[in-house]
Structures are given as structure tokens and as C-alpha cells.
Amino acid sequence: MIDTLLQTLLNGAASGGVYALVALGYTLIFSVLGVINFAQGALFSLGGYLTYLLLGGKIGVNGALPGWGLPIELPFWLALLLAALGSGAVGLLVERIAFAPLRRRGAEPLLSLITSLGAGVVLVNLLQLLMGAEGYAFPQAAAGLAHLPESLLLGGARIRTIQVLLLVISALAVASLSLWLERSRSGKAMRAVAEDPTTATLLGINSVAVVRLAFLLSGMLAGLGGGLIGMSVSLAGPYFGISYGLKGLAVLVLGGLGSVPGAIVGGLVMGLAEALIPSEASGWRDALAFAILFAVLVLRPSGLLGRRQLEKV
Amino acid sequence: MSGQASAAPLLELRQISRQFGGLQALSEVSFQVEQGEIFGLIGPNGAGKTTLFNLLSGVTPASNGTIHWRGQAMQGLSPDRHNRLGIARTFQNLRLFTGLSVLENVLVALHRQPQGGKLDALLNSSRFRRRQSELRERALQLLEELGLADQAHRQASGLAYGDRRRLEIARALATAPALLLLDEPAAGMNPREKEQLCELLAQLRQRHQLTLVVIEHHVPLLMQLCQRLAVLDFGRLIALGTPEQIQRDPRVIEAYLGGSR
Amino acid sequence: MIDNGLLVQMILGALLGLSVYLPMAAGQLSLATPAFYAVGGTLAALLSTQGNAQSAISLWAVLGEMLLAGCLTAGLALLVGLPVLRLRGIYLAIATIALVEIVRVAILNLPFTGGAAGIFGIPQPFQKPFGYVLFSGALLAVCGWLFQRLEASRLGRSMAAIRDDELASRCMGIHTTRVKLTAFLASAVLAGITGVIAAHYLNTWNARQGSFDVAITTLAFVILGGSRSWLGPVIGGLLLTALPELLRPVGDLRLVLFGLVILLGPVFFPQGLITPALLERLGRWKP
């Protein structure tokens, strides 16, 4: 009984860590620009597919180039890192196309919600054209993880090793990002721009560079999440990232828009809440995040740890 | 405070404070504005003048203290409620409806006037059309008063800077206020335009039975226009009185007039 | 080349485009049109397949379903809109995405909606597609009239003002939450009754009808057509529904194209096809 509970909690924490990654990606961009990047879910998918290809995976029969694959087989760590960088680079591209022109024109911020949604749709459907709609399982043996045991015994509970990895890697990523925001020069610059863009510019902080950095990091977080989920579950078609992107939005609201600790706490709460849903009701699991979202909007719109946003006049 | 048994003042601020995070934007500001007055608000940049307007128009709530309107506390009321009570405002950094025409900007603000019936609107009845053309007449009349009638059909975004400031006033007037808050109405105008604006405001006050509270950087203009002035510095009220009293007040000279020259 | 079947779909597309346009005309991005469309369609599918299996249904019954769907979607929109529309615009976009997901999962999992396969054999009020053309065309015409009247009325002006500057609108005394809520409710009702017609026309209904893809395509209708007048989404809806059907070879590229429209549209042609300048040239005088 205790074992299954522990197992459930660890599962929940592992997926909660990934939700936190996604929500942090939204948070970074929201705090510097006050907008949501709806392409985040597509970057998540991209990270998964890039990791798959870098591990030496081949394109399936429904893809554009059946049987084709990269002529390399990188170890999992390296593949994950490169995939994250790749998603980050595409994140920069999304900023260039979907955000920067509107910002320069001073257009209503709502429009960037539309353009980023468009960027996500284009990205996911290009992935579908290239890779097909089929699911992919990662080539485990080639991933350099073959020497690890399939599962570990933890306090009497049997946990899949990859779940532990998932939790550890996302915790590391979240922790290093928080530390970086707190301590480093660029991190401080980013927080300064989030506080007050005008004053930050007066202080000589290059806000364009900070915005780009936010998109790069946010894309990397999404890519990392995609690679990790691909490894632990498999890639269930190009749209798999979209559902994580959507749940990330629920986590974002739950934690409080723009709050870094909120994104982390919200992610964990969401992961645990989902893990606690009994398996008879598993069909409803996908709706839980959004039910929570509505509850938060009604009861406490500023979220668990958010500040009240004041409109500037 | 007047010792007479007269009615409550139109507007009364009691110990108004407002913090933003660690910043004390306003602290314990109290004053009254009487019916029919032209009341000036001056102070260096960052003294809390616009914050005070945001409080008076319901855009931001006060952290402490109360604002009384005709003797009634206005706590926690939204900006639209403030407007319905009879308080209208303009914005320092111009917030016109730029996608609409000049005339439409004023028509939007006439929304509380009878429109000619919902069903009539649906059927485009002659009653509705008559009422709408009366509203357009009314809007044009307001534009006429502000000298904008010949530009009624231009897009608001295409107006010259000074004209945009006047359109903001016309739009605010259309909501039939008793109190009009003007946030730097003369900013960006040349001396001649400022002179004209001064006359215009005096006229408008007469014709619309207005009480005016005016924020302005150009102090001579306020000295000429206002019966009384309040001076803010770092969120504190440092002086209150007639233009002559203000000009002679050593704290004002120290904090504002002296410092900025 | 355009047969009656395609014409029906085009008109339904135009109606859904109008549903997305309504909140946008008040400066709100709502992505909930597929959710209300799905609610309307599911309601019609459920009601008309009760009892003995029939292949025909009276037009009155369909109108009754539309009335019910209108009430149900309005109630749902009120439930969602009341808490959310007091907040910043971004919350509506997020909440409406959530609504689409909740409705989709509900239709997939409820015991009486047929699961993934959905509901089959929805009876037809018309023998031929041409009946649907007339019926949905009449609805579109009524909507056109209503939208035309809306834009000349106080409500339409208030919506335009909120779109330009919500705070200034509030300071002019406009009850912005009420105006936004009205637009959102009308959008929901329009999507709901469109769903009723679509369910009968398609003869079958399942959870995929209200998927997120519908939000993307209908958004593309508005962006391509233009969001400064109701004619924009109508033209956008008609064109973009017809195009992929006429250009069959496009096939898988359909969503890429729609994605490109909403990605690049606001940047390169922010006014869409039906611009205010074009309307003026067409001789429609804007008061």
C-alpha cells in the first residue's frame, strides 16, 4: 500500500517536473514581454523528435523520407542537450517572425498570441510532414543507457530508472535556471526588464538581447521536456507536445502568471494531482489540468504564488 | 474646513496614501475641491500627480484614506462607476480610440444618452435613425466647441498633437461630467495654443457647469487659470492655496519653482 | 466546380468565422468556438437519435434544437466568461483553450456520447444538400443583418472602443465587462447553433469535430478576411473553406497553410482582405 503510494507520488513528481519545465518556459517570456508564446508546445514536440534523430532513430514509413536517419548515434545526454539547443534556436526564430515585427509596430499584444499560435501550428505540421503521424519509441540500447538497470528499488517501491532520471534532470534544470536568474548578470538584467522595461533601458540594459535570451532559454526548456518525455514514454505523434504545452498553461495559471517559484510549485502540484487520479477514471485525466485552471481563475486568479498585475497608465 | 452649514464639498480627499511595492507614491494627501472651482495640481516629475488622478478616476485604489464625492465615500468603485458619478478624465499620454474617427470617439462617449431603443436599433427604425442623427449633432456640437468640427471624419490617429489633446477633452465632456480631470492638457502645445486653451477651459467651465482639476507643468498657465493650487512633492502635499500664496510659499520655491529653474 | 455540398461547408465556415470575430471585435481573443460548436453538434446528435431510428426529422425539431443549443452554450459561456472577462485579455485566451480541451475530453468519455466513434445516423431535415444551402444561407443572411445593425449601434461602438483601449473605455463610463461578456455570449450561441446544423448535415458527430484544429482554421478565416468588419470573417470563411477542397493536391499542407496565414497575416497584412478603405470604396458610408 505504502509502496504503491510512493510509486504514485514519484510518478507524479516526475511528470510534475516536466510540467514545471514547460511552465517556466512560458514564465520567462511572460515576465519580460507580458505575453504568452503559444508555440511552446510545438517546441516541446520538436525537442522530442530532435532527440530521437540524434540518438540515431530512423524516420518511419509514413514520413517524408522513410528509413532516413542521421548518420550518428549520440549518447542520450548529448542528444538531449543538442536537441534542447535546437529547440532554443527555433524559439529564437519564432521570436523573430511572430513577436519582433509586432512589437516594433506597437501592435496590440493580443496579436502576438495569434501569431505564436500560427508558428506552433506550422511547426507541428511540418514535423508531421517530415516524420509522419506515427509514434516513435526511442532506441534505448543505442542511447548509452543500456548499462543502467530497467528499474530501481526505492524504499520498497519499484521505480523505472528513466522516471528517476526525468525527475533529476528537470530538477537540475529548474534549479540552475533559478540560480542563474538570481545570481548572474544576465539573469539580473532579465529580472530588471521584467520589473520595468523603461528604467532597465535607461540603466543600459539591452532589452532586445534580454528578450532574445528569454526565447532561447524558454525554447531550450521546452526541447528538454520533449526529449525527456520521449525517452520515458515515447513520441506519440507530432501533436504530443501540444498537450504538454496546453497543460503547461494550466500550470502557469495555477502557479501565478510570471512567478518562477509558482511555475515550479504549480508543476509539482499538477503532476501529483494527475498521478492520484484512479486508473478507472484515466480517460478524464487530460481534463483535470483544465478543471484546476478554471477553479484557480474563479477562486484566486493571481494563482498560488503570483502577484497582482497592475495596468500601467 | 468651512464652519457654515453649506453642503459637502464636491470632492474631498482624506489622508490619501498609495504605495507601489516599496515606493511611496502618495502619502497622507488631504484637500477639498469646491463646486465650480478650477483647481491646479503642480509638482516636479514623479511627485505623484498622475497617481492621484488614477485614484480619483478609480483606475487604482488607494492604499489608505478615503475620497469623498459630494459627501459620500467612493471606496472600491471601478473606473466606469466613477465616470457615472460624474468624474471624467483625460490622459497625459493620450489614450484616444485611434482606430475610430474623431466623431466616433465622441459618439462612443455619448453612450449614456438615450439611443432610440434596442428593437428600433435592430430594425433600423426611423425613430432610431432620428435619435442617432441627434447624437451625431450633439457630438459635432462638442467638436465645434473644441474647434475640431472640420476634422470630424478623420481617423483619430491622423490628428495633430494639439488636436488630439482637444479631442480627449471633447470625449471626456461627452460623458456629461461634473468634475473634469485634465492631465497636462497643454503638453506639446506652442505658447499661442496654450493661451487659447486657457480661454477655452474657462469657457467650457461656464457652459458645462464644470469643476476642473488640472495637472500642468507650465506653471504660469495654471497661475492664470486656477483659483487654487495644490503642490505635491515626493507624494506629499507641501502647499495649498491661491496662486499668490503659492508663489510666496518658501517650501514651494525650495522644492519646485526654485529647483527646476 | 463548387457543388451544393461544398457550398454548405463554406457557409458553415463563414458562420464559425463570425463566431470568432465577435469577441475579437471587442479586443478579446477567444479560442472557444470549437467547444461551443461541439456542444451544439453533440446536443443535436443526442436529441435527434433518441427513440426509434429515423432518417428524417422535421425542420421545426431542428429549430428547437438550435434554440436549446443556444441556451446551453449561452449558459456555458456565462459560466466561463463571468470570472475570466474581469481579468486581462490573456486569461480569456488561456481559459478558452482549456474549455476546448474539457469539452473534447468530456465528449470522448461521457457514457452516452459514443466514445471515440461518436454518434451515427443523425436524421436529416432535408433530402438534398440544396436544402441545407438555403437554410444555412438564410441564417448567414440574418447574421449579416444583425452584424450590420450591431456596427451602427452603441454596443458595436463600445466594442470597437474597448478593442482600441480598454482602460480609456472604462474611464468613459463603459461597463467593459458587460460588453465583452455580451460579445462572448453571442459568439458562443452562434457557434452552438452552427454545430446543430453541421451535425445534421454531416450525419455523424464525434469529439474530433470540436478539436483545437477548428480553432486554428476559424482564426485563419478572420485573419485572412480581416477583423475590422463582419464581412471579413464571412469572406475569409467562404474562401478558406473552398480553397483546400478545390486544391485537393494540397492535402496535408492544409494546416501548414492555415498556420502560415495566422503566423504571417498580422505581420504582413494586418487588415486582411476586407479593409476599411475597401469598404469605403464599395460605397458603404461609415457614420
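(A) Local environment of the overall build of chain B. From N to C terminus, chain B includes 10 helices and 10 strands. Its C-alpha atoms give chain B a radius of gyration of 19 Å, within 12% of the compact-globule value 18 Å for 261 residues. Classification of the 261 residues of chain B by burial places 43% in the buried group. By sequence separation, contacts in chain B at least 24 residues apart represent 65% of the contacts at least 6 residues apart.

(B) Examining the sheet that holds strand β9 (residues 228-233) of chain B more closely. Residue and element names in this part refer to chain B. Read across the open sheet, the 6 strands follow the order β6-β7-β8-β3-β9-β10; overall the sheet is mixed. Where the open sheet ends on each side, the last strands, each with one partner, are β6 (87-89) and β10 (236-241). Averaged over all pairs of adjacent strands, the angle between strand axes in this sheet comes to 20 degrees, irrespective of strand direction. Pairing between strand β3 (residues 38-42) and strand β8 (residues 211-215): 4 bridges, direction parallel. In the strand pairing of β8, I38 is matched with L212.

(C) Broad picture of the sheet that holds strand β1 (residues 11-20) of chain B. Residues and elements named next belong to chain B. The antiparallel open sheet is built from 4 strands, whose spatial order is β2-β1-β4-β5. Where the open sheet ends on each side, the last strands, each with one partner, are β2 (23-33) and β5 (72-73). Pairing between β1 and β2: 7 bridges, direction antiparallel. Each residue of the ladder has a partner; that of E12, found in β2, is Q32. Contacts from helix α1 (residues 49-56) reach β1, β2 and β4 (64-69), with the element oriented near 65 degrees to β2.

(D) Structural detail: the pairing of β9(B). Residue and element names in this part refer to chain B. Of all 6 residues making up β9, 5 are buried, and the element is well covered by its neighbours. In this sheet, β10 lies alongside β9 in antiparallel orientation, the contact comprising 5 bridges. From the neighbouring strand, L229 faces β10, where its bridge partner is G241. As consecutive antiparallel partners, β9 and β10 are separated by 2 residues, and within that stretch F234 has a phi angle of approximately 45 degrees, a positive value.

(E) Spatial organisation of the interface of chain A and chain C. Contacts between the two partners involve 37 residues from chain A, matched on the other side by 34 residues from chain C. Of all the secondary structure elements, the ones that give two or more residues to the side of chain A that touches chain C are α3 (76-105), α4 (110-131), α9 (240-255) and α11 (285-299) of chain A. The dominant element in the side of chain A that touches chain C, judged by the number of residues it contributes, is α4(A), at 13 residues. Partitioned by chemical class, the residues of the side of chain A that touches chain C number 30 nonpolar, 5 polar and 2 charged.

(F) Local environment of the pairing of strand β2 (residues 157-160) of chain A. All names here are of chain A. Where strand β1 (residues 151-154) lies against β2, 4 bridges are found, and the strand directions are antiparallel. Following the sheet pairing, L153 is matched in β2 by R158. Remark: 2 residues form the turn of the hairpin made by β1 and β2, two consecutive strands paired antiparallel; G155 in that turn has positive phi of roughly 55 degrees.

Calculation notes
- Residues numbered from 1 in each chain as written.
- Chains lettered and ligands numbered in written order.
- Predicted model: local features only at pLDDT ≥ 70, side-chain atom pairs only at ≥ 80, totals over all residues.
- Helix = DSSP H or I, 4+ residues; strand = E, 2+ residues; numbered from the N terminus.
- Rg over C-alpha atoms; globule rule 2.2 N^0.38 Å.
- Buried ≥ 20, exposed ≤ 12 C-beta atoms within 10 Å, placed from the backbone.
- Contact = placed C-beta atoms within 7 Å.
- Pairing = 2+ DSSP bridges.
- Axes fitted to C-alpha atoms, helices over the stretch in contact; angles between N-to-C directions.
- Nonpolar A, V, L, I, M, F, W, Y, C, P; charged D, E, K, R; others polar.

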